[in-house]
Amino acid sequence: MAGKIVILGVFVADTAYRAERQPRMGETILGKSFVLGPGGKGSNQSVAAAMAGGDVHFISRLGADPFADMARDTWARAGVTPEITTDGESYTGAAYIFIEDATGNNAIIISPGAAGRISVDDVEARADLIAGASVFVTQLEQPMAAAHCALQIARAGGARTILNPAPAAEIPDEMLALCDIVTPNESEAEGITGIAVTGIETAHQAAEALLARGVGAAIITLGENGALYHDATRTVHVPVFDAGPVVETTGAGDAFNGGLATALAEGMDAIDAVRFGCATASISVTRPGTAPSMPARAEIDALLARG
Ligand code: RIB
């Protein structure tokens, strides 16, 4: 039987603007479309993991407002169990997402609001849940102290610990040493290691630098080039799957992390779990939005079977 997945992170409402380009300072331009929907890396990863079949518990903070209602609806539909502190002194946050019309690529500003006030106390109040996890996942949109504390509890409890170091930040070695797996994308890997990741060879160098700082394994996600897995004994490049034309890449990393977590909680080997994460992400980029783009388990299995 698959173990429990516990994810600590942020929910925000994504406000996604599709346009030919971003405006310059002082300029107004016309966009092609606007969509409001559920987002936030931790929440997206929870939705992806639950849609892929995981037993997911999501720890976060919300305000008491309509965006909080959107969060709860999203989790109820995906089958995520919320572990929420309601913060009446703040607001549920939002993200500005620019989507480049020609490529589907994105640039994001996130204001986490209440989730930016997730505290060590919030985490310690869920210590039993975290310690009992099979897989624990967090990112860096909420305060680093909360992530660090949760990683300590998860490690002490014997969970497989995954840090998705997004957005990039300076991470103490002591915290990296608590991570069984880190999953930066190219720019995050460069931000942490100083090595510019431009392909598989440089991804390997960055992964090696992360291992030297104490992580058990590094998975560098490489966009359309898939992902590179590296630990002390193996280095494996896993390509993406062809699931159809790319519509929007926002949330692809979250799809990968959610799929990875579910696969590991089911006991898959790390490389099979990376393939599962790549398949999850390959489907998500064929659809608009972040949380709404996450595929169901049957779709992932069908894509993996097709190869
Ligand atoms: O990874 C994509 C997510 O990053 C978006 O949903 C946005 O909310 C930001 O948190």
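To be clear, the structure that these remarks concern was listed above.
Residues numbered from 1 in each chain as written. Predicted model: local features only at pLDDT ≥ 70, side-chain atom pairs only at ≥ 80, totals over all residues. Heavy atoms only, no water.

Draft legend 1. A nonpolar patch on the surface, seen in detail. On the surface, Tyr17, Phe34 and Leu36 cluster together into a nonpolar patch covering about 300 Å² of accessible area. By the element assignment, Phe34 lies in strand E3 (residues 33–39). (Patch = residues over 30% accessible without salt bridge, like charges linked within 9 Å, V, L, I, M, F, W, Y side chains within 5 Å. Areas by Shrake-Rupley, 256 points an atom, 1.4 Å probe, with all protein chains shown as cover. Salt bridge = Lys/Arg side-chain N within 4 Å of Asp/Glu carboxyl O. Helix = DSSP H or I, 4+ residues; strand = E, 2+ residues; numbered from the N terminus.)

Draft legend 2. Expanded view of the sheet that holds strand E4 (residues 55–62). Spatially, nine strands are ordered E5-E4-E1-E8-E9-E10-E11-E12-E13 in an open sheet, and the strand pairing comes out mixed. Each having just a single partner strand, strand E5 (81–86) and strand E13 (235–238) make up the two edges of the open sheet. Both strand E1 (residues 4–8) and strand E8 (residues 135–138) contribute to a ladder of four bridges, which runs parallel. In the sheet register, Ile7 faces E8, and the bridge partner there is Val137. (Pairing = 2+ DSSP bridges.)

Draft legend 3. Examining the packing of aromatic side chains more closely. Applying the stated rule across the entire model yields four aromatic pairs. On the basis of an interplanar angle of 55° and a centroid distance of 5.1 Å, the ring pair of Tyr17 and Phe34 is categorised as tilted. You can see Tyr17 sitting in strand E2 (residues 12–19) and its partner Phe34 sitting in strand E3, a full 17 residues away along the chain. Look at Tyr17 and you get partly exposed, because its relative accessible area is 38%. Take Phe34: its relative accessible area is 46%, and that puts it in the partly exposed class. The interplanar angle of 35° and the centroid separation of 5.8 Å between the aromatic rings of Tyr17 and Tyr96 together place this pair among those described as tilted. One end of the pair, Tyr17, is in strand E2; the other, Tyr96, is in strand E6 (residues 92–100), with 79 residues separating them in the sequence. (Phe/Tyr/Trp six-rings, centres within 6.5 Å; stacked < 30°, edge-to-face > 60°. Buried < 20%, exposed > 50% of the residue type's maximum accessible area, 1.4 Å probe, protein only.)

Draft legend 4. Quick peek at the packing of helix H7 (residues 186–193) against helix H8 (residues 200–212). Packing of H7 against H8 brings their axes to within 10 Å, and their N-to-C directions diverge by 45°. Between H7 and H8, the angle falls in the class oblique. Viewed along their axes, H7 and H8 form a crossing whose handedness is left-handed. When H7 is examined against H8, the residues Ala189, Ile192 and Thr193 are found in contact with a partner set consisting of Ala206, Ala209 and Leu210. Among the residues forming the contact of H7 with H8, the class breakdown is five nonpolar, one polar and no charged. (Axes fitted to C-alpha atoms, helices over the stretch in contact; angles between N-to-C directions. Parallel < 35°, antiparallel > 145°, perpendicular 65-115°, else oblique. Left-handed = near helix turned anticlockwise from the far one by under 90°. Contact = heavy atoms within 4.5 Å. Nonpolar A, V, L, I, M, F, W, Y, C, P; charged D, E, K, R; others polar.)

Draft legend 5. Structural context of the site of the ligand. Neighbouring the ligand are 13 residues, the closest being Asp14, Lys41, Asn44, Glu141 and Asp254. Taking Gly40, its main chain carries an N or O atom lying 3.0 Å from an oxygen atom of the ligand. For the ligand, an oxygen atom lies 2.9 Å from a polar atom in the side chain of Asn44. Contact with the protein chains hides 96% of the accessible area of the ligand, taken as 280 Å² for the molecule alone. Counting only elements with at least two residues in the shell around the ligand, the list comes to E2, helix H1 (41–51) and strand E7 (106–113). (Near = heavy atom within 4 Å. Polar contact = N/O pair within 3.5 Å; in protein donor to acceptor, adjacent residues only side chain to side chain.)

Draft legend 6. Region of the structure containing the sheet that holds E3. Read from one edge of the open sheet, four strands run E3-E2-E6-E7, paired in mixed fashion. At either end of the open sheet lies a strand with only one pairing partner, and these are E3 and E7. Each strand of the sheet is rotated relative to its neighbour by a mean of 15°, with strand direction disregarded. Bridge count between E2 and E6: eight bridges; the pairing is parallel. When the sheet's bridge partners are listed, Ala19 is paired in E6 with Glu100.

Draft legend 7. Fine view of the pattern of salt bridges. The final tally for this structure, using the stated rule, is 15 salt bridges. In this structure, the salt-bridge partner of Arg297 is Glu266, at a minimum N-O distance of 2.7 Å. Here Arg297, found in helix H11 (residues 297–306), pairs with Glu266, found in the loop between helix H9 (252–265) and helix H10 (270–284); they are 31 residues apart in sequence, far enough to count as distant. Since its relative accessible area comes to 21%, Arg297 is described here as partly exposed.

Draft legend 8. Spotlight on the side chain of Thr250. With respect to the secondary-structure elements, Thr250 resides in the loop between E13 and H9. A residue is classified by how much of its surface remains accessible, and Thr250, at 3% relative accessible area, is buried. Polar side-chain contacts of Thr250 include one of 3.5 Å to the side chain of Asn106. Excluding residues that lie within four positions of it along the chain, Thr250 makes contacts with Ile97, Ile99, Gly104, Asn106, Ile108, Gly289 and Thr290.

Draft legend 9. Structural detail: the nonpolar core. The biggest cluster of nonpolar side chains holds 49 residues, and the ones touching the most others in it are Ile5, Trp75, Val135, Ile219, Phe256, Leu260 and Val274. Element by element, the count of residues in this core is highest for H10, at nine residues. Once residues within four sequence positions are removed from consideration, Val135 is found in contact with Lys4, Ile5, Val6, Arg160, Ile162, Ala261, Leu264 and Ala265. In terms of nonpolar packing, the next biggest core, distinct from the first, is built from 45 residues, Ala150, Ile192, Val197 and Ala206 among them. (Core = buried A, V, L, I, M, F, W, Y, C linked by side-chain atoms within 4.5 Å.)

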